[in-house]
Amino acid sequence: MKKLTLALALAGALWASPSTLQAQDKASKKLGWKLGAQSYTFNRFTLAEALNKLDSCGLSYVEMYPGQNIGGGIEGKVNVNMDEATQKQVLALLKKHKIQAVAFGVVGPRNAEEWEQTFKFAKGMGIGIITAEPRKEHLDVVSGLCDKYQIKIAIHDHPKPSQYWHPDTVLAAIKGRSPLMGACADIGHWVRSGLDPVECIQKLNGHIHSLHFKDLNEKAPKAHDVIWGTGVSNVRGVLEELKKQGFKGVFSAEYEYHWENSVPEVRESVKNWREMVKAL
């Protein structure tokens, strides 16, 4: 009987309700930090299914990505050309789950018209951050649209040899342009590129709008995601540096491993993240 009681207690701790998990988030709220997930984590599923998974992980924020089937009885895919009726349906779906869309990406529009449409879409959806990798010839256009729509652009770093793999290239891109232009710090991709994520965060001091949060099993181009705090990304050091800088913004869990059943690892990562934040 005692073994059964202990087993049930452990199961209850592991599968705490989403409301319990969210209640543990007080420390991050004080810092102005929002922990959510990139829906690309659940790209084998519809957006509706992904929102269910976010909820089961105790997350209230989502970064949507272009091309995901919407689901939940709503036809079509998430994209910047969704008509107003579909946008309203997606907003209702988000509201039903009590999840707020805070970012959208990663995008790379091909011309000024596509950039304008992307900003219009974000405005209509109440999204404050567009995660992107703009072409150099579009940077001034993007800067103007940031000011026009009062929406942030967070430049994302895919691994080397992509255009923005190094923080210096992001700093060069935003120099002299709208203060709403900054970085989406993908700490896992920095590790894949052979960079130290804490040093990268230090370089971008004051210019980070959001993060794609990852911990990796090794410092190598083909490294894979592991539960946060168990890998080589120095997650605790990153959090300490962000607190030191007074960062306020969005952390999006982007777990790109065990695609069909990543919820247990995302959930444990969330738990570890909140414990580390509480201890800062």
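A. Spotlight on the side chain of Glu241. Mapped onto the elements of the fold, Glu241 is located in helix H11 (residues 235-245). A polar contact of 3.5 Å, which involves the side chain of Glu241, links it to the side chain of Gln202. Filtering out sequence-adjacent residues up to four positions away, Glu241 remains in contact with Val198, Ile201 and Gln202.

B. Expanded view of the layout of surface pockets. Volume-wise, the largest pocket comes out at about 160 Å³. Together, 13 residues line the largest pocket, and Tyr40, Val106, His158, Glu254 and Glu256 are the ones closest to its centre. Of the residues assigned to the lining of the largest pocket, the class counts are four nonpolar, six polar and three charged.

C. Geometry of the pattern of salt bridges. Going through the model one piece at a time under the given rule, you end up with ten salt bridges. We note a salt bridge from Lys214 to Asp186, for which the minimum N-O separation is 2.6 Å. Within this pair, whereas Lys214 is found in the loop between strand E9 (208-213) and H11, its partner Asp186 is found in strand E8 (residues 181-186), the two being separated by 28 residues in sequence. Asp186 matches Lys214 in its accessibility class, with the two residues each being buried. Between Glu275 and Lys271 there is a salt bridge, with its nearest N and O atoms 3.2 Å apart. Here Lys271 and Glu275 lie together in helix H12 (residues 263-278), a separation of four residues that amounts to about one turn. We classify Lys271 as partly exposed; its relative accessible area is 33%. The structure contains a network of salt bridges with shared partners spanning Asp186, Lys214, Glu254 and Glu256.

How each quantity is defined
- Residues numbered from 1 in each chain as written.
- Predicted model: local features only at pLDDT ≥ 70, side-chain atom pairs only at ≥ 80, totals over all residues.
- Heavy atoms only, no water.
- Helix = DSSP H or I, 4+ residues; strand = E, 2+ residues; numbered from the N terminus.
- Polar contact = N/O pair within 3.5 Å; in protein donor to acceptor, adjacent residues only side chain to side chain.
- Contact = heavy atoms within 4.5 Å.
- 1 Å grid on protein atoms, 1.4 Å probe; cavity = no way out; pocket = protein on both sides within 12 Å on 5 of 7 lines; lining within 4 Å.
- Points joined across faces, edges and corners; volume = space filled by probe spheres on them.
- Nonpolar A, V, L, I, M, F, W, Y, C, P; charged D, E, K, R; others polar.
- Salt bridge = Lys/Arg side-chain N within 4 Å of Asp/Glu carboxyl O.
- Buried < 20%, exposed > 50% of the residue type's maximum accessible area, 1.4 Å probe, protein only.

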